[in-house]
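# What the coordinates show
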Amino acid sequence: MSQKSVTFKGGIHPPHFKKMTENVPIERAEEPSLVIIPMQQHIGAPCEPIVKPGDKVKVGQKIGEAKAFVSAPIHSSIAGTVKKVAESNTPTGKAVCVFIESDGTNEVCESVQPKGDLENISKEEIISIIKEAGITGMGGAGFPTHVKLSPPPDKTIDYVVLNGAECEPYLTADHRLMLEHPEKVVFGLKVLMKAVGVTKGFIGIENNKPDAIETMNKAVSSESNIEVVVLQTKYPQGDEKRLINAATGRKVPNGGLPMDVGVVVNNVGTAAAICDVFKTGMPLIERIATITGSAIAKPRNLIIKVGTPFKDIINQCGGYKEEVGKIIMGGPMMGLAQFTDEIPTIKGTSGILVLDKEDATLPEPQACIRCGKCVNICPVNLQPLIISKLSLKGMYDEAEKFNATSCIECGSCSYICPSKRPLLQAIRVAKKEIIAKRRARG
Amino acid sequence: MEKLLIGSSSPHLRSNETIQSIMLDVLIALLPATIAGVYFFRFNAVKLIVLAIASAVATEYIIQKLTKKPVTIRDLSAVVTGLLLAFNIPASAPWWIPVIGSAFAIAIVKQAFGGLGHNFMNPALGARAMLLASWPVIMTNWVTPGPDAVSTATPLAIMKGAEATNEALPSLTNMFIGNIGGCIGETSAALLILGGLYLLYKKVINWRIPVVYIGTVAVLTFILDGGFTGMSYHLFAGGLMIGAFYMATDYASSPVTPKGQLIFAFGCGLLTSIIRLYGGYPEGVSYSILLMNVATPIIDKFTSPKVFGEVKRNG
């Protein structure tokens, strides 16, 4: 490979665990007979359901209205009848969900129409189309995309950076997407670039995916203003501030946003979803996810419809081959552990990771030996051992002085700790307390 | 699912490295120098090394049992302390010297302050300082390597002229491989460096403390004490290599911040050079590390790393 790999300072090298699915082509999951669609799948205000039990809905029909600016509407992923609207368990906690039973017709809603030639669509229209299609960040955090594309007038944006790092172990959904649908990623990037009025776009990919780098390089060979950036394979390379630093050399100020240095970052999956919206008019109702882990019989990369229960998806991957230790939505570094498999998939479900008992058992924490490894590898240059110690003693004001709130919760410190201390867990407690105190002060 | 699973805060993945694996790496790194010590100083070295380790482990076990704390001798940290203490005593010492030394290192310097990770100075060095103050004659009775051990002076003592001796300085080669008088484990600079490189390779230690410590001593003695030859003796005779790679890098008693480690190592190098060149004592490594150990909390406090993207605040 002739391209030079770039990266950031700090970080760790966890084992990749990607072999199980990196060569498995994307397939479509079976049509679900019942979907449970949560009204909150993003960061920001929940949606209000606009359907009631007994209503007939079609594929792509809006069923949840976003009333606030930081929110994104929600659409039905199947055609059928609304059974009930009630609070239920979701991967991110309890939320109001719309239960829809499939009628098997898969009839598409009339509102789903291609958006026509990109040349003839204005910036404002693009942003409004993206908002109406319910596009949110598909990398895991689920931030509404139109918000990122609407910077205040005093900020000039220079670059759009697409995140194809996929630095989380086990996950291969973005990898497969770039291999199989590079044209969708490139088209989505062009839409994003037009939306914020920039002439330069980057696609960052870790160098452990040489085939994806090659494919994407080919896909952008005729695009003079789009560049594939090869990133060193290192966690958390896909964190947006680390990615910006590696790709553009710019440093987002502590507590600031990418737009402060003139950059907008989106996941490659988000770009592909945007491509679908413009080409077919279909809002965000499905996504690619990697179903893998030591307790999954047949790991796969599947296109899953939002609202399909985890259990159904796992059954299509041969079910559990061993006693389940842990079910995680997302990757092992930042993913959310789930109490049960009776929860629906959401827009941010980049992976379903099921670990067996052995993999799920965390070692007993020992005394801190002050080895300083957490300080050495922290991508934000914090001192996790000190913040964790202060947090455990309830000294949150002191923890604030050590910049606890700058923590990006990547988990590198807990990973590297030879004493197996749950450093990030303690830092999270401190962050929560500090933010609560700040709110109380007003 | 009938039964709810147990959730936990991310990350759900941990590295394979443990305290035990780190301590095992330190022991592996010290193995060549241990074998050399045994080769040079024969049965006496074996006896003292075994006693030092046994006493350290037994003391840790007894104290943790008495205070009803979990017994952690399996983490091997007491074995490391015992071995390092044995490295720091002359081969001619009687059997009870390592026994008392290790017991002091573990009971007073380590466990009395809260155990592993809480000691404010290096346990082995603290014990060495205690032994030196209590039994100065025994602790400086150096013998020549080989089967017929006779009294000798260390190269640094000869250089200093501290002892009335007619001995000539050993050759640089002998000094580098360790065929000289001195403590059991400190004589072979070559093997200590080899072990140190292993620790760097395994990322048990980072380059900052050994490189800056040795570099500072090299530069200062080159300028102040006879150029290249003088510098070579300062580097390879005495305890600099063991101090820089294995003692000053002790996790608990050295700074955790990158900048702090640089300052700490520079301080060690400066103090070692000053003690050797202008003090009344031919060695300087132990005391300079101990002095910098007690400065560690304050160094850490003033060298907090700058947060990624931190902006200077106005005013």
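Cut-offs applied
- Residues numbered from 1 in each chain as written.
- Chains lettered and ligands numbered in written order.
- Predicted model: local features only at pLDDT ≥ 70, side-chain atom pairs only at ≥ 80, totals over all residues.
- Heavy atoms only, no water.
- Helix = DSSP H or I, 4+ residues; strand = E, 2+ residues; numbered from the N terminus.
- Rg over C-alpha atoms; globule rule 2.2 N^0.38 Å.
- Buried < 20%, exposed > 50% of the residue type's maximum accessible area, 1.4 Å probe, protein only.
- Contact = heavy atoms within 4.5 Å.
- Areas by Shrake-Rupley, 256 points an atom, 1.4 Å probe, with all protein chains shown as cover.
- Lys, Arg positive; Asp, Glu negative; His and termini not counted.
- Charge placed at Lys NZ, Arg CZ, Asp CG, Glu CD.
- Pairing = 2+ DSSP bridges.
- Patch = residues over 30% accessible without salt bridge, like charges linked within 9 Å, V, L, I, M, F, W, Y side chains within 5 Å.
- Salt bridge = Lys/Arg side-chain N within 4 Å of Asp/Glu carboxyl O.
- Buried area = accessible area lost by both parts, 1.4 Å probe.
- Polar contact = N/O pair within 3.5 Å; in protein donor to acceptor, adjacent residues only side chain to side chain.
- Nonpolar A, V, L, I, M, F, W, Y, C, P; charged D, E, K, R; others polar.
- Axes fitted to C-alpha atoms, helices over the stretch in contact; angles between N-to-C directions.
- Parallel < 35°, antiparallel > 145°, perpendicular 65-115°, else oblique.
- Left-handed = near helix turned anticlockwise from the far one by under 90°.

## Examining the overall build of chain A
- Counting its secondary structure elements, chain A contains 15 helices and 17 strands.
- By the compact-globule yardstick of 22 Å for 442 residues, chain A fits well, its C-alpha radius of gyration being 21 Å.
- By its C-alpha atoms, chain A is 65 × 50 × 50 Å across when sized along the principal axes.
- Looking at chain A residue by residue over its 442 residues, the buried ones come to 59%.
- Taking the contacts inside chain A whose residues are at least 6 apart along the sequence as the reference set, 73% of them involve residues at least 24 apart.
- A total accessible area of about 17300 Å² is found for chain A, and carbon and sulfur atoms account for 52% of it.
- Positive and negative side-chain charges in chain A, numbering 54 and 48 respectively, have mean positions lying 6 Å apart.

## Here's the deal with the overall build of chain B
- For chain B, the helix and strand inventory stands at 13 helices and 2 strands.
- The C-alpha radius of gyration of chain B comes to 21 Å, within 12% of the 20 Å expected for a compact globule of 315 residues.
- Considering only C-alpha atoms, chain B reaches an extent of 85 × 55 × 30 Å along its principal axes.
- When each of the 315 residues of chain B is scored for burial, the buried share is 55%.
- A fraction of 73% describes how many contacts in chain B between residues 6 or more apart in sequence connect residues 24 or more apart.
- Total accessible area on chain B stands at roughly 13600 Å², and carbon and sulfur atoms take up 68% of it.
- Measuring between centres, the 20 positive side-chain charges of chain B sit 9 Å from its 14 negative side-chain charges.

## Digging into the pairing of strand S13 (residues 286-292) of chain A
Residue and element names in this part refer to chain A.
- Burial analysis of S13 places 6 of its 7 residues in the buried class, the great majority of the element.
- Where S13 meets strand S14 (residues 300-305), 6 bridges bridge the pair, whose relative direction is antiparallel. Bridging from a neighbouring strand, Ile291 pairs with Arg300 of S14.
- In terms of strand pairing, S13 meets strand S17 (residues 351-356) through 3 bridges, oriented parallel. Of the residues in S17, the one forming a bridge with Thr292 is Leu353.

## Let's talk about a positive patch on the surface
- A cluster of basic residues, A:Lys9, A:Lys251, B:Lys259 and B:Lys306, forms a positive patch at the surface.
- Positionally, B:Lys306 belongs in the segment after helix H13 (285-302).
- Judged by its relative accessible area of 58%, B:Lys306 is exposed.

## Quick notes on the interface of chain B and chain A
- Listed by partner, the interface residues are 42 residues for chain B and 63 residues for chain A.
- Together chain B and chain A conceal approximately 4200 Å² of surface at their shared face, both sides included; 58% is due to carbon and sulfur atoms.
- Linking chain B with chain A are 22 residue pairs in polar contact (both at pLDDT 80 or more), by the criterion used here.
- Counting residues per element, the ones that place at least two in the side of chain B that touches chain A are helix H1 (19-66) and H13 of chain B.
- Its residues assigned to classes, the side of chain B that touches chain A shows 19 nonpolar, 15 polar and 8 charged.

## Here we look at unusual backbone geometry
- Note the cis peptide between A:Tyr235 and A:Pro236, where omega equals -5 degrees.
- Omega for the bond connecting B:Ser10 with B:Pro11 falls within 30 degrees of zero, at 0 degrees, which places this linkage in the cis form.
- For B:Pro11, the position within the fold is in the segment before H1.
- In the Ramachandran plot, A:Asn403 falls in the positive-phi region, its phi being about 60 degrees despite a non-glycine side chain.
- Along the chain, the position of A:Asn403 falls in the loop between helix H13 (396-401) and helix H14 (412-416).
- What makes A:Asn403 partly exposed here is its relative accessible area of 22%.

## Here's the deal with a nonpolar patch on the surface
All names here are of chain B.
- On the surface, Val219, Phe222, Ile223, Leu224, Phe228, Phe266, Leu270, Ile274 and Tyr278 cluster together into a nonpolar patch covering about 930 Å² of accessible area.
- Contributing elements (two or more residues each) for the nonpolar patch: helix H9 (208-224) and helix H12 (258-278).
- With respect to the element layout, Phe228 can be found in helix H10 (residues 227-236).
- Classification of Phe228 by relative accessible area gives exposed; the value is 56%.

## Observations regarding the packing of H9(B) against helix H11 (residues 240-247) of chain B
Residue and element names in this part refer to chain B.
- Two elements in contact, H9 and H11, have axes separated by 8 Å at closest approach and are oriented at 155 degrees. Between H9 and H11, the crossing angle belongs to the class labelled roughly antiparallel. As H9 packs across H11, the resulting crossing turns out to be right-handed. Where H9 abuts H11, its residues Ile209, Pro210, Tyr213, Ile214 and Val217 lie against Leu240, Met241, Gly243, Ala244 and Phe245.
- Looking at the contact of H9 with H11 residue by residue, the classes come out as 9 nonpolar, 1 polar and no charged.

## What to know about the pairing of strand S5 (residues 62-65) of chain A
- Summarising the sheet, strand S3 (residues 48-49) of chain A and S5(A) pair through 2 bridges and their orientation is antiparallel. Residue pairing in the sheet places A:Glu48 in a bridge with A:Glu65 of S5(A).

So far we have only geometry, and geometry alone does not tell us how the molecule works.
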